[in-house]
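# Fold and geometry: a report
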Amino acid sequence: MESVNVLFRLAVLGTLLTLSACASPPSSVPDIKLYVFHCGNIEVRDVSVFSPGVNQGQPKTLTDSCYLIRHPKGDLIWDAGLADQLGPQGQEFYDGLFYMSMPTPLLAQLQAIGVQPEDIEWLGLSHFHSDHTGNANLFTQATLLLQQEEYEAAFGAQAREYGFDPDSYSQFNADNSQPLQGDHDLFGDGRVVIKRAIGHTPGHQMLYLDMPKSGPILLSGDLYHFTSNREHQRVPSFNFSKEQTLDSMKHMEDFIDRTGAQLWIQHDKEQNADIRHAPAFYQ
Ligand SMILES: [Zn+2]
């Protein structure tokens, strides 16, 4: 009688353990949050620098975006925007071709959600143009993630000839940089993946996010600056390589078709009006 009772209890226990194993969420779904920050305004006096021969002399307003990805294994900032020091009054660049301003400091936007920049483990920059490196030096404890070619351009003697501003990323050097040779799955779970997409600059890259609730999102870097350039596959006149850019556009459009990712064009003001910005977040 006693042994039957023990067997019965063991059977019940086994059933309960099986049920609880089924009820617990799969460990492969991490808690990831994506915050979007407004990292500046860019008034372009002649938009045809982005679309050679098209809309010559026409002005266009672009936005500038930065992102924070909070993953259980660490925090990643993607692009560092225009420098906080520009302030809301801003200033002209490139003989007045651009007028750029930074209405709300990135530092204040981070602090508003309880994040201190020195707590950030990773800084990923799509490329090193100064509208993406402006606040890089805030992230003094971060490891910089960039393609090998961008590393050589950004830390070489000719950096300014690529349109880079070495003062804006002077906190970084070989000791806290991680040059990449292609795509890089940051946390090893396929959720946060840097995608090599060269051409805009020597080592331009993008960021793929497989969000547990929102689904796949691809952050454009400057593969495109606005939607019509995507529709027509137009290459800005100042890109490092038109041929590489067109190859990257094709490669990444194929990737978008395969994954079903939403493409968020970081500079597209109209598209960003429909994207929730911090303190709201995506999961
Ligand atoms: Zn840009």
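One structure accompanies this document, and this report is about it. (Residues numbered from 1 in each chain as written. Predicted model: local features only at pLDDT ≥ 70, side-chain atom pairs only at ≥ 80, totals over all residues. Heavy atoms only, no water.)

### Details of the overall build of the protein
In terms of helices and strands, the protein carries seven helices and 13 strands. For the C-alpha atoms alone, the extent of the protein along its principal axes is close to 95 × 40 × 35 Å. Per-residue burial for the protein yields a buried fraction of 48% across its 283 residues. For the protein, the proportion of contacts with a sequence separation of at least 24, taken over those separated by at least 6, is 64%. Accessible surface, the protein as shown: approximately 13200 Å² in total, 52% of it carbon and sulfur. (Helix = DSSP H or I, 4+ residues; strand = E, 2+ residues; numbered from the N terminus. Buried < 20%, exposed > 50% of the residue type's maximum accessible area, 1.4 Å probe, protein only. Contact = heavy atoms within 4.5 Å. Areas by Shrake-Rupley, 256 points an atom, 1.4 Å probe, with all protein chains shown as cover.)

### Quick notes on the coordination of the zinc ion
In the first shell of the zinc ion, the protein supplies Asp131 (OD), His132 (NE2), Asp222 (OD) and His267 (NE2), at 2.1 to 2.2 Å from the metal. Metal-centred angles of 88 to 162 degrees between the four donor atoms at the zinc ion mark the site as irregular. We note that the donor set of the zinc ion lies within a single chain, spaced as D-H-x89-D-x44-H. Residue classification places Asp131 among the buried residues on the basis of a relative accessible area of 10%. (Donors = N, O, S within 2.8 Å, 3.2 Å for Na, K, Ca; no water. Tetrahedral: all angles 85-135°; square planar, octahedral: opposite > 155°, others 65-115°.)

### Section: the pairing of strand S5 (residues 98-101)
By the bridge criterion, four bridges tie strand S1 (residues 33-44) to S5 in an arrangement that is antiparallel. Bridge assignment links Val44 to a residue of S5, and that residue is Phe98. Alignment of strand S4 (residues 91-93) against S5, held across three bridges, turns out to be antiparallel. Paired with Gln91 across the bridge in S5 is Met100. Connecting S4 to the antiparallel partner S5 that follows it, the hairpin turn spans four residues, and Tyr94 within it adopts a positive phi of roughly 50 degrees. (Pairing = 2+ DSSP bridges.)

### Notes on the sheet that holds strand S12 (residues 215-219)
Strand order in the open sheet formed by five strands is S9-S10-S11-S12-S13, with mixed pairing between adjacent strands. Every other strand in the sheet has two partners, leaving strand S9 (184-185) and strand S13 (262-264) as the edge strands with one partner each.

### Some points on the packing of aromatic side chains
Enumeration according to the criterion identifies 14 aromatic pairs in this entry. Relative to Phe226, the ring of Phe50 lies with its centre 6.1 Å away and its plane at 75 degrees, an arrangement referred to as edge-to-face. Of this pair, Phe50 sits in the loop between S1 and strand S2 (60-71) while Phe226 sits in the loop between S12 and helix H5 (227-232), and the two are 176 residues apart along the sequence. We classify Phe50 as buried; its relative accessible area is 4%. The exposure class assigned to Phe226 is buried, which follows from its relative accessible area of 5%. A ring pair is formed by Trp264 and Tyr282, whose centres lie 5.1 Å apart and whose planes are at 65 degrees; its orientation type is edge-to-face. Here Trp264, found in strand S13, pairs with Tyr282, found in the segment after helix H7 (269-272); they are 18 residues apart in sequence, far enough to count as distant. When sorted by exposure, Trp264 lands in the same class as Tyr282, which is buried. These aromatic residues form a ring-pair network of at least three members: Phe128, Tyr151, Phe155, Tyr162, Phe164, Tyr169 and Phe240. A cation over a ring is seen here: Lys60 above Phe226, with NZ or CZ 5.0 Å from the ring centre. Directly above the ring of Phe255 sits Lys195, whose terminal nitrogen or CZ lies 4.0 Å from the centroid. (Phe/Tyr/Trp six-rings, centres within 6.5 Å; stacked < 30°, edge-to-face > 60°. Lys NZ or Arg CZ within 6 Å of the ring centre and 35° of its normal.)

### A closer look at the sheet that holds S2
Each strand in a sheet pairs with its neighbour through backbone hydrogen bonds, running either in the same direction (parallel) or in the opposite one (antiparallel). One open sheet accounts for eight strands, arranged S4-S5-S1-S2-S3-S6-S7-S8; its pairing is mixed. Among the strands making up the open sheet, the edge pair consists of S4 and strand S8 (177-180). Each strand of the sheet is rotated relative to its neighbour by a mean of 25 degrees, with strand direction disregarded. (Axes fitted to C-alpha atoms, helices over the stretch in contact; angles between N-to-C directions.)

### Digging into the pattern of salt bridges
If you walk through the whole model with that rule in mind, you get 10 salt bridges. With a shortest N-O distance of 3.6 Å, Arg160 and Asp165 are connected by a salt bridge. With a shortest N-O distance of 3.1 Å, Lys250 and Asp254 are connected by a salt bridge. Remark: Asp254 and Lys250 occur in helix H6 (residues 242-259); sequence separation between them is four residues, near one turn of the helix. With a relative accessible area of 33%, Asp254 lands in the partly exposed category. Beyond isolated ion pairs, a larger network of salt bridges with shared partners links Arg160, Asp165 and Asp167. (Salt bridge = Lys/Arg side-chain N within 4 Å of Asp/Glu carboxyl O.)

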